[in-house]
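# An overview of the molecular structure
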Amino acid sequence: QVQLVESGGGLVQPGGSLRLSCAASGSIFSIAYMGWYRQAPGKQRELVAGIGSGGSTNYADSVKGRFTISRDNAKNTAYLQMNNLKPEDTAVYYCNYHIGQAINYWGKGTLVTVSS
């Protein structure tokens, strides 16, 4: 059992920055793939950024160059640094932890609102 708790969301103006954190607890394995997803009202949940156990990363085209995902396995925490935020980044951001198909956990999400 893995529990994921996101934090760091809030209201920010366009061009601003936020840093999201995902604290994992329970039966944690460093080989897990961790990612950040987001879901805006009426839209499909989408992958924003992911990071593998070896540090490889991938990003949605819409956030490349603006967002950075990282992980600290010693702290069982993943981060998403979000810079130059845009209104279209507004969504609930969810942390994901998975190993293959058999193990898959989600946090409850943290709301990011980008607005003037």
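Please refer to the structure placed before this passage.
In what follows, the accompanying structure is described. (Residues numbered from 1 in each chain as written. Predicted model: local features only at pLDDT ≥ 70, side-chain atom pairs only at ≥ 80, totals over all residues. Heavy atoms only, no water.)

## Here's the deal with the overall build of the chain
Which entries qualify depends on this criterion: Segments assigned H or I by DSSP are reported as helices when at least four residues long, segments assigned E as strands when at least two residues long, and all are numbered from the N terminus. Relative accessibility under 20% of the residue-type maximum defines a buried residue, over 50% an exposed one, and the middle range a partly exposed one, all with a 1.4 Å probe and only protein chains included. Contacts were defined at the residue level, with two residues in contact if any of their heavy atoms lie within 4.5 Å. Computed with the Shrake-Rupley method and a 1.4 Å probe, the accessible areas treat only the protein chains shown as cover for residues.
Looking only at helices and strands, one finds zero helices and 11 strands in the chain. Across the chain, helices and strands are ordered from the amino to the carboxyl terminus as β-β-β-β-β-β-β-β-β-β-β. Projected onto its principal axes, the C-alpha coordinates of the chain cover approximately 40 × 25 × 25 Å. Taking all 116 residues of the chain together, 40% fall into the buried category. Residue pairs at least 24 apart in sequence account for 53% of intrachain contacts in the chain once pairs closer than 6 positions are excluded. Looking at the chain as shown, the accessible area adds up to about 6,100 Å², and 49% of this sits on carbon and sulfur atoms.

## Points about unusual backbone geometry
You will see that Asn76, though not glycine, has its phi angle at about 55 degrees, which is positive. Mapping Asn76 onto the fold places it in the loop between strand E7 (67-72) and strand E8 (77-82). Of the residues examined, Asn76 reaches a relative accessible area of 29% and is grouped as partly exposed. One non-glycine residue with positive phi stands out, namely Asn84, at about 50 degrees.

## Some words on the nonpolar core
Worth spelling out the cut-off: For this analysis, a nonpolar core means a set of buried residues of the types Ala, Val, Leu, Ile, Met, Phe, Trp, Tyr and Cys, connected via side-chain atoms within 4.5 Å.
Of all hydrophobic cores here, the largest spans 28 residues; its most connected members are Leu4, Met34, Trp36, Phe67, Leu80, Met82 and Tyr93. With residues up to four places along the chain from it excluded, the contact list for Leu80 reads Leu18, Arg19, Leu20, Trp36, Val48, Ala49, Phe67, Thr68, Ile69 and Tyr93.

## A closer look at the packing of aromatic side chains
Heads up, the condition is: Between rings of Phe, Tyr and Trp, where Trp is taken as its six-membered ring, a pair exists when centres lie within 6.5 Å; planes separated by under 30 degrees are stacked, by over 60 edge-to-face, and by other angles tilted. Whether a charge sits over a ring depends on NZ of Lys or CZ of Arg being within 6 Å of the ring centre and within 35 degrees of the ring normal.
For the structure on display, the rule yields two aromatic pairs. Both rings, one in Tyr37 and one in Trp106, keep their centres 4.8 Å apart while their planes meet at 70 degrees; by these two values the pair is edge-to-face. Linking Tyr37 in strand E4 (residues 33-39) with Trp106 in strand E10 (residues 103-106), this pair joins segments that are 69 residues apart in sequence. Between the NZ or CZ atom of Arg45 and the centre of the ring of Tyr94, over which it lies, the distance is 3.8 Å. Over the ring of Trp106 we find Arg45; its NZ or CZ atom is 4.6 Å from the centre of that ring.

## Looking at the pairing of strand E9 (residues 91-99)
For clarity, the cut-off: In short, DSSP must find at least two bridges between two strands for them to pair.
The buried fraction of E9 amounts to seven of the nine residues, a majority that puts the element mostly inside the structure. In this sheet, E9 lies alongside E4 in antiparallel orientation, the contact comprising seven bridges. By the bridge assignment for E9, Tyr37 is matched with Tyr94. Bridge count between E9 and strand E11 (residues 110-114): three bridges; the pairing is antiparallel. Across the sheet, residue Tyr93 finds its bridge partner in E11, namely Thr110. Pairing between E9 and E10: four bridges, direction antiparallel. In the strand pairing of E10, Tyr97 is matched with Tyr105. The hairpin formed by E9 and E10 contains three residues between the paired strands, and Gly100 there has a positive phi angle of roughly 60 degrees.

## Regarding the sheet that holds strand E3 (residues 18-26)
Quick note on the threshold: Here an angle of 0 to 180 degrees is reported between the N-to-C directions of two axes, which are lines fitted to C-alpha atoms, with helices fitted over the stretch in contact.
Judged by pairing direction, the sheet is antiparallel, and its four strands sit side by side in the order E1-E3-E8-E7 without closing on themselves. Strand pairing shows two members of the sheet lacking a second neighbour, strand E1 (2-7) and E7, which therefore form its edges. The mean angle between the axes of side-by-side strands here comes to 15 degrees, regardless of whether they run parallel or antiparallel. As defined by bridge partners, E7 adjoins E8 across six bridges and the pair is classed as antiparallel. When the bridges of E8 are listed, Ser70 appears paired with Tyr79.

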